[in-house]
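What follows is each chain in one-letter form.
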Amino acid sequence: MEQTLAIIKPDAVQRQLVGVIISEIEMNRFAIGAIRVLRLSADQAARFYREHQGKPFYESLVAYMSSGQLFSLVLERDQAVDEWRRLMGPTDPAKAGPLTLRRRFAIDMQRNSVHGADSPATAAREIDFFFGEGA
Ligand code: IDP
Ligand code: MG
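Position labels on residues start from 1 in each chain and follow its written sequence. Whichever chain is written first is A, and whichever ligand is written first is 1; the rest continue in order. In keeping with the model being predicted, local features are shown solely for residues with a pLDDT of at least 70 and side-chain atom pairs are shown and tallied solely at 80 or more, while totals for entire chains, interfaces and linings include all residues. To obtain the side-chain values, all non-hydrogen atoms of the structure were used and water was disregarded.

### Comments concerning the pairing of strand 3 (residues 70–77)
Thinking step 1. For strand 3, a buried count of 7 out of 8 residues is recorded, marking the element as mostly surrounded by other parts of the structure.
Thinking step 2. Two strands pair if DSSP finds at least two bridges between them. Under the DSSP-based scheme used, a helix requires at least four consecutive residues in state H or I and a strand at least two consecutive residues in state E, with every element numbered from the N terminus. Here 7 bridges tie strand 1 (residues 2–8) to strand 3, and the two strands are oriented antiparallel to one another. Across the sheet, Thr4 pairs through a bridge with Leu75, a residue of strand 3.
Thinking step 3. With 7 bridges connecting them, strand 2 (residues 31–38) and strand 3 associate as antiparallel partners. The residue of strand 3 that forms the bridge with Ile32 is Leu75. Here's how the labels work: a residue is buried when its accessible area is under 20% of the maximum for its type, exposed when over 50%, partly exposed in between, all with a 1.4 Å probe on protein chains only.

Here you go:
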């Protein structure tokens, strides 16, 4: 059993896609270990994506991720990190397979509907960000 951190991003919440995305999560045999609905401040979004600081899309990404409510989730199953990234598809929805969440729901490369941690170590850090002491 492994944990990963998923986010249903503001573009998907705003378009009322939470139900269908959670349905896909459950159909793909993830258990939901924790869930939180919140709006990030610009400061919090900047901290969450600090590894991207300095990239051309960073400022816009921070503004978008703090633009509305999001759902953060702890997902649990075997190979949770890789399996969730497989279900999401790649960052660019145009390159994503037809059954992936990003191909089905993303608007563009920034507003790509879902987030997933990229390794078990990142998952642990991101779970702490949303669900740890002082989160
Ligand atoms: P990931 O979400 O697939 O792990 P990352 O490279 O970690 O992709 O980028 C984090 C987020 O930043 C993406 O999900 C997307 O919202 C945004 N992003 C990444 N690259 C671009 C880009 O080239 N243009 C616009 N937004 C981008
Ligand atoms: Mg990433």
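### Observations concerning helix 2 (residues 18–27)
Thinking step 1. Val18, Ile21, Ile22, Glu24 and Ile25 are the residues of helix 2 that are buried. With its buried residues spanning 155° around the axis, helix 2 presents them on a single face. Summarising the geometry of helix 2, the exposed residues directed more than 90 degrees from the buried face are Gly19, Glu26 and Met27.
Thinking step 2. Phi turns positive, to about 65°, at Arg29, one or two residues after helix 2. Along the arc lie the directions from the helix axis toward the C-beta atoms.

### Topic: the pattern of salt bridges
Thinking step 1. Salt bridges are identified by distance alone: a Lys or Arg side-chain nitrogen within 4 Å of an Asp or Glu carboxyl oxygen. If you walk through the whole model with that rule in mind, you get 6 salt bridges.
Thinking step 2. With a closest N to O distance of 2.7 Å, Arg86 and Glu83 form a salt bridge. Of this pair, Arg86 and Glu83 both sit in helix 5 (residues 80–88), separated by 3 residues, roughly a single helical turn.
Thinking step 3. A salt bridge links Asp92 to Lys95; the shortest N-O distance between them is 3.8 Å.

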